[in-house]
Amino acid sequence: MSTTEDHPTEQIDQVVVRFAGDSGDGMQLTGDRFTSMSAVLGNDMATFPDFPAEIRAPAGTMAGVSAFQVHISDHDILTPGDAPNVLVAMNPAALRANLGIMPKGSTLIVNADAFDDRSLTKAGYQENPLTDHSLSAFTVYEVPMTSITQEVCKEAGVKPRDAERSKNFFALGLVSWLYTRPIDPTIEWITKRFADHPQVGEANTRALRAGYDFGETAELFESNYEVRPAHFEPGEYVNITGNTALAWGLIAAARQAGLPLFLGSYPITPASDILHELSRRKEFGVRTFQAEDEIAGVGAAIGAAFGGALGVTTTSGPGLDLKSEAIGLAINLELPLLIVDVQRGGPSTGLPTKTEQADLLQAMYGRHGEAPLPIVAAKTPSHCFAAAIEATRLAVKYRTPVILLSDGYLANGAEPWRLPEVADLPVIEPNFATEPNHTEADGSSAYWPYVRDPETLARPWAPPGVPGLEHRIGGLEKADGSGNVSYDGLNHEQMVHLRAAKVAGIARDIPLTALDDPSGAAEMLVIGWGSTYGAILAGVKRMRARRGRDVAHIHLTHLNPFPADLGEILARYDKILVPELNGGQLWRMLRAEFLVDATALSKMQGTPFRPVEIEEAILEMLGGTT
Amino acid sequence: MTTTAVPVTTRKDWSSDQEVRWCPGCGDYSILAAVQMLLPDLGVRRESTVFLSGIGCAARFPYYMNTYGLHSIHGRAPAIATGLATTRPDLDVWVVTGDGDALSIGGNHLIHALRRNVRITILMFNNQIYGLTKGQYSPTSEVAKVTKSTPFGSVDAPFNPVSLALGAEATFVARTHDMDRAHMQETFRRAHEHDGAAFVEVYQNCNVFNDGAFAEITGKEVRSDMLIPLHHGEPIRFGAESQRGVVQRSDGRLEIVDVAEVGEGALLVHDEQRADPGLAFALSRLANGPHQPTPIGVFRSVERSEYGEEMERQITVAQDRRGVGDLATLFRSGSSWTVD
Ligand code: SF4
């Protein structure tokens, strides 16, 4: 990177940038491009798109503010950062909505053109914050982004109104200069993306260059910064969101099982991108069915599973409510089925675009009758890939519906993912039934759909098409073995026990607890699940590194059943902290299952934990001082 | 898929070993018999035949068929069948349902399966009552019906299932009744032949909770005067001497007339293949409940691309264009970078 005389380039190890503007300002795109450029430079990064539920809330209002936070670093990072170092605010509402999370001393780059009386009023400002000294704790750069953009676009023959829309590229150019990101890849990207609208492409390119040049020439910034490449394991990487990783995991799982993939789904935030991604991948033989409702989505997936396909349905909380009855059917049918729940804030419609982990107890208990099923949870965006394969493995091997939990943060957040070798992916064996498995009293052979494998307790899977294996199954209780309808009380109790034992037995088929306790004698244990992985690990690491405290960490991928040795491990610790983005659901499960005196750390604000919150909770539990 | 000849079968081969448990005298018995006796004639295989159902008396049907079968949950059979039929185009998928199952709790799935034209054959037994839950009124019960849940008479207007199916863009819509095996079998055979979603309403007597609901039109003695058989390409007429018929008035209205009065040439000629469903719809409105002369047979049978085939076609096109999917290529479909 060039260092001019006026502008020395400083080395920094990491930075958190937050782009904020109106929903229509293209902030998600801006953040995404900044992320891509950082990936090319070899930085480690984590992203956190944060957008409103309304597609287009009134322009300029607080409700319409959309933000994208990206954390780039020269070392391994786990979260989108505690707090931004830089906020780019495209209008007063964006400033006002985000100022609360900006630490004192951080940098604000604001689009000065947008701070007119009308916009200030819309954002709820009585006084202009740029002039009333209320921002004196921050380093504020006022940049006339709109007017410069309009100026440079004029020569390209773009009308001022249209040019105004390119101002996000000006901001991107300026921040690119500030953090020494090359803009050429983005220019290439613009050319391709706007090939059909060359004038728009030209305006965007001009705005981008103008932003970059502004940084270089305006005597505003003292220096710019360089974040060196992070150390990565050798390999090939892509930047991937949780929803894409999950979709690819489903494709890979179906392939590794040799089963056609069928997705029955109804559009719902924040899960729809899985449907979108799979709909694009028809060359893998993927069938995507956009159903008339959530129930039809899971119903069709059950029908596909009956026919010998990998049946999958994807949804979020409200959809999971609607699917409960059908999931109960699949438990009774003992057919493989995958239910993906990308959790969001609830109850009811709740916070559609905000993250939460509050469906765990629903996944665990949200059906009538005794209806256990395995639960797998992804912990990072890229881990959604492996989690999808693991959930499929369990579903197919144990002939059971499996709930795979993701959440809004994982779904839209992105991180670098080292591409796996296809040859290393696990093989899943469907083991279809091929011949009769029972001899009748008269010596004739028959196929009994509920004869169980003695080891796994799984029943055979016999999709239609094989002569001699014709059979009927259904939601009524079945006689153990023959599968005929049975109302016998003792048989029912036996079947309840068998279904429960089958799911519980999966504990023998999953890894033991991955305990992170370097000394083996930690003062306390922090245990979590799902998307809190990065924040918890970062908090624990800081306790160790900065405060010299000995803290152990467990992060669960399997929530039902738990790893076989979990209870024994929990018993070793007097102090157990369970941070969750809910009111204490894993916490409840651990206490109920293992009678441990664990403490819940709850957060339900629609945003992920920040490492500092974990750190503080640990400190409090350990008794304060270092 | 096997290429050997379809084995010769009889009704017995298609009957499971399960004891049939409908109430004695229930119309379901004759429908079951009609289906079990028809299947040996259809040139189909037991292992490639699936009966799917939801909940209700009719929904027990799959247990009595020696085929693959799935007795699912209330109203959802068309959705489940959609997943099965689209992933297994080699199978014959039958959905057996009732008026409560298909039109009340499962109404949404029914209309969408019909509009998508998924290759499934839907037999809807209409007895105008809830049987399994012991006698509440159903979405096809007539207004003022007195049942356990409507002691003062029901106040909601019923569905006309044939009208509903036509309105849902169904490509095959027919009606038959449980008192006429030959007519049932001919109708089921046509439905089975149809390439797409076929909907058959079967008037079925529930002798326990709604006995005689269709007696005014299906009874042996009254049948010829009260049922109007539809035959493609033929003038629509009925009566013991075929003395009555249907004409279309200049304002589009259909009317029942004496053939002698209008002359044979004035009768409406039935055309089940008309692209516009308007006439079929008008025919479905000819009777306002099973007390007036009622058309039976195939109302509509038109060709439209089948849902599963279209899904399959998109896959084939994608594979022709991009080659069969390869995971390593998929992983690199965005921009990747290498760390040495
Ligand atoms: S209740 Fe009615 S429909 Fe049900 S089995 Fe008995 S007679 Fe048949």
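What you see is a predicted model; the values in this text were computed from it and never measured. (Residues numbered from 1 in each chain as written. Chains lettered and ligands numbered in written order. Predicted model: local features only at pLDDT ≥ 70, side-chain atom pairs only at ≥ 80, totals over all residues. Heavy atoms only, no water.)

### A word on the sheet that holds strand 2 (residues 68–71) of chain B
Line of reasoning, step 1. Strand order in the open sheet formed by nine strands is 19(A)-2(B)-1(B)-3(B)-4(B)-6(B)-5(B)-11(B)-7(B), with mixed pairing between adjacent strands. Here the strands that pair on one side only, and so sit at the sheet edges, are strand 19 (472–474) of chain A together with strand 7 (227–230) of chain B. Between one strand and the next, the sheet's axes are offset by a mean angle of 20°, whatever the strand orientation.
Line of reasoning, step 2. As judged from the three bridges shared by strand 19 of chain A and strand 2 of chain B, these two strands associate in the parallel manner. Its bridge partner being in strand 2 of chain B, Ile473 of chain A is matched across the sheet by Leu70 of chain B.
Line of reasoning, step 3. Across the face of the sheet, helix 2 (residues 77–87) of chain B comes into contact with strand 1 (49–53), strand 2 and strand 3 (92–98) of chain B while running at roughly 155° to strand 1 of chain B. (Pairing = 2+ DSSP bridges. Helix = DSSP H or I, 4+ residues; strand = E, 2+ residues; numbered from the N terminus. Axes fitted to C-alpha atoms, helices over the stretch in contact; angles between N-to-C directions. Contact = heavy atoms within 4.5 Å.)

### Regarding the packing of helix 4 (residues 145–154) of chain A against helix 6 (residues 167–178) of chain A
Residues and elements named next belong to chain A.
Line of reasoning, step 1. Viewed as axis vectors pointing N to C, helix 4 and helix 6 meet at an angle of 105°, and their least axial separation amounts to 9 Å. By the angle between their axes, helix 4 is roughly perpendicular relative to helix 6. Here Met145, Thr146, Ile148 and Thr149 of helix 4 come into contact with helix 6, specifically with Lys167, Phe170 and Ala171.
Line of reasoning, step 2. For the contact of helix 4 with helix 6, the residue count by class is four nonpolar, two polar and one charged. (Parallel < 35°, antiparallel > 145°, perpendicular 65-115°, else oblique. Nonpolar A, V, L, I, M, F, W, Y, C, P; charged D, E, K, R; others polar.)

### Focus on the nonpolar core
Line of reasoning, step 1. Core analysis: the biggest nonpolar cluster contains 161 residues, and Ile527 and Leu586 of chain A together with Ile120 of chain B have the highest contact counts within it.
Line of reasoning, step 2. Ignoring any residue separated from it by four or fewer positions in sequence, one finds Ile527 of chain A in contact with Ile554, Leu556, Leu566, Leu570, Ile576, Leu577, Val578, Pro579, Leu586 and Leu590 of chain A.
Line of reasoning, step 3. Ranked by size, the runner-up nonpolar core spans 44 residues in total, among them Phe34, Val143, Trp177 and Leu208 of chain A. (Core = buried A, V, L, I, M, F, W, Y, C linked by side-chain atoms within 4.5 Å. Buried < 20%, exposed > 50% of the residue type's maximum accessible area, 1.4 Å probe, protein only.)

### Examining the sheet that holds strand 24 (residues 576–580) of chain A
All names here are of chain A.
Line of reasoning, step 1. Read across the sheet, five strands follow the order 20-22-21-24-25 without closing on themselves; strand pairing throughout is mixed. Bordering the open sheet on either side are strand 20 (515–516) and strand 25 (599–602), each of which pairs with just one other strand.
Line of reasoning, step 2. Strands strand 20, strand 21 (524–529), strand 22 (551–556) and strand 24 of the sheet are contacted by helix 17 (residues 533–547), whose axis makes an angle of about 170° with strand 22.
Line of reasoning, step 3. Its contacts with the sheet place helix 19 (residues 585–594) against strand 21, strand 22, strand 24 and strand 25, and it is angled at close to 145° to strand 24.

### Considering helix 11 (residues 294–306) of chain A
Residue and element names in this part refer to chain A.
Line of reasoning, step 1. Compared with an ideal rise of 1.5 Å per residue, which puts 13 residues at 18 Å, helix 11 spans 19 Å between its outermost C-alpha atoms and is within 8% of the ideal.
Line of reasoning, step 2. Helix 11 sits mainly inside the fold: 13 of its 13 residues count as buried.
Line of reasoning, step 3. Capping the start of helix 11, Asp293 holds a side-chain oxygen 3.1 Å from the backbone nitrogen of Ile295, two or three residues further along.
Line of reasoning, step 4. Count one or two residues on from helix 11 and you reach Gly308, which has phi positive near 100°. (Expected span 1.5 Å × (residues − 1). Polar contact = N/O pair within 3.5 Å; in protein donor to acceptor, adjacent residues only side chain to side chain.)

### Re the domain arrangement of chain A
A common measure of how large an interface is: the accessible area buried when the components associate.
Residues and elements named next belong to chain A.
Line of reasoning, step 1. Under the domain assignment, chain A is made up of domain 1 (2–227), domain 2 (238–424), domain 3 (431–509) and domain 4 (515–622).
Line of reasoning, step 2. In this structure, domain 1 and domain 2 have C-alpha centres spaced 35 Å apart.
Line of reasoning, step 3. Facing 14 residues of domain 1, the contacting portion of domain 2 comprises 10 residues.
Line of reasoning, step 4. Together, Met45, Thr47 and Phe51 form the three largest contributors to the area buried by domain 1 at its contact with domain 2, with a combined 44%.
Line of reasoning, step 5. Here domain 1 is connected to domain 2 by one salt bridge.
Line of reasoning, step 6. Here Lys354 and Asp50 are joined by a salt bridge, their closest N and O atoms 2.5 Å apart.
Line of reasoning, step 7. Summed over the shared surface of domain 1 and domain 2, the result is three residue pairs in polar contact (both at pLDDT 80 or more).
Line of reasoning, step 8. Top contributing element to the side of domain 1 that touches domain 2 by residue count: strand 3 (residues 44–50), with seven residues.
Line of reasoning, step 9. Considered class by class, the residues forming the side of domain 1 that touches domain 2 number eight nonpolar, four polar and two charged. (Domains from an automatic or database assignment. Buried area = accessible area lost by both parts, 1.4 Å probe. Salt bridge = Lys/Arg side-chain N within 4 Å of Asp/Glu carboxyl O.)

### Topic: the confidence of the model for chain A
The predicted coordinates ought not to be read in detail in places where the model reports low pLDDT.
Line of reasoning, step 1. Residues at a pLDDT of 70 or more form 98% of chain A, whose mean pLDDT is 94.
Line of reasoning, step 2. Here residues 1–5 of chain A is a poorly scored stretch, pLDDT under 50, and it has five contacts once near neighbours within four places are set aside; other chains count. (pLDDT = per-residue confidence, 0-100.)

### Considering the interface of chain A and chain B
Line of reasoning, step 1. Opposite the 66 residues of chain A that make contact, chain B presents 57 residues.
Line of reasoning, step 2. Buried surface at the junction of chain A and chain B, both sides included, amounts to about 5300 Å², of which 62% is carbon and sulfur.
Line of reasoning, step 3. The largest contributions to the chain A side of the interface with chain B come from Glu283, Arg287 and Arg472 of chain A, which together make up 14% of the buried area.
Line of reasoning, step 4. Between the two partners, chain A and chain B, sit four salt bridges.
Line of reasoning, step 5. Between Glu283 of chain A and Arg322 of chain B there is a salt bridge; the shortest N-O distance is 2.7 Å.
Line of reasoning, step 6. Contributions of two or more residues to the side of chain A that touches chain B are made by strand 9 (235–241), helix 9 (242–257), strand 11 (287–290), helix 11, helix 12 (317–333), strand 16 (414–418) and strand 19 of chain A.
Line of reasoning, step 7. If one sorts the elements of the side of chain A that touches chain B by residue count, helix 11 of chain A sits on top with seven residues.

### So, the packing of helix 4 of chain A against helix 8 (residues 198–217) of chain A
All names here are of chain A.
Line of reasoning, step 1. Two elements in contact, helix 4 and helix 8, have axes whose closest approach is 9 Å; the angle formed by their N-to-C orientations is 125°. In this view, helix 4 runs oblique relative to helix 8, as classed from their interaxial angle. In this structure, the crossing between helix 4 and helix 8 has a hand that is right-handed. Every residue of helix 8 that contacts helix 4 at Ile148, Thr149, Val152 and Cys153 is listed here: Ala203, Arg206, Ala207, Ala210 and Phe214.
Line of reasoning, step 2. Here the contact of helix 4 with helix 8 is built from residues that sort into seven nonpolar, one polar and one charged. (Left-handed = near helix turned anticlockwise from the far one by under 90°.)

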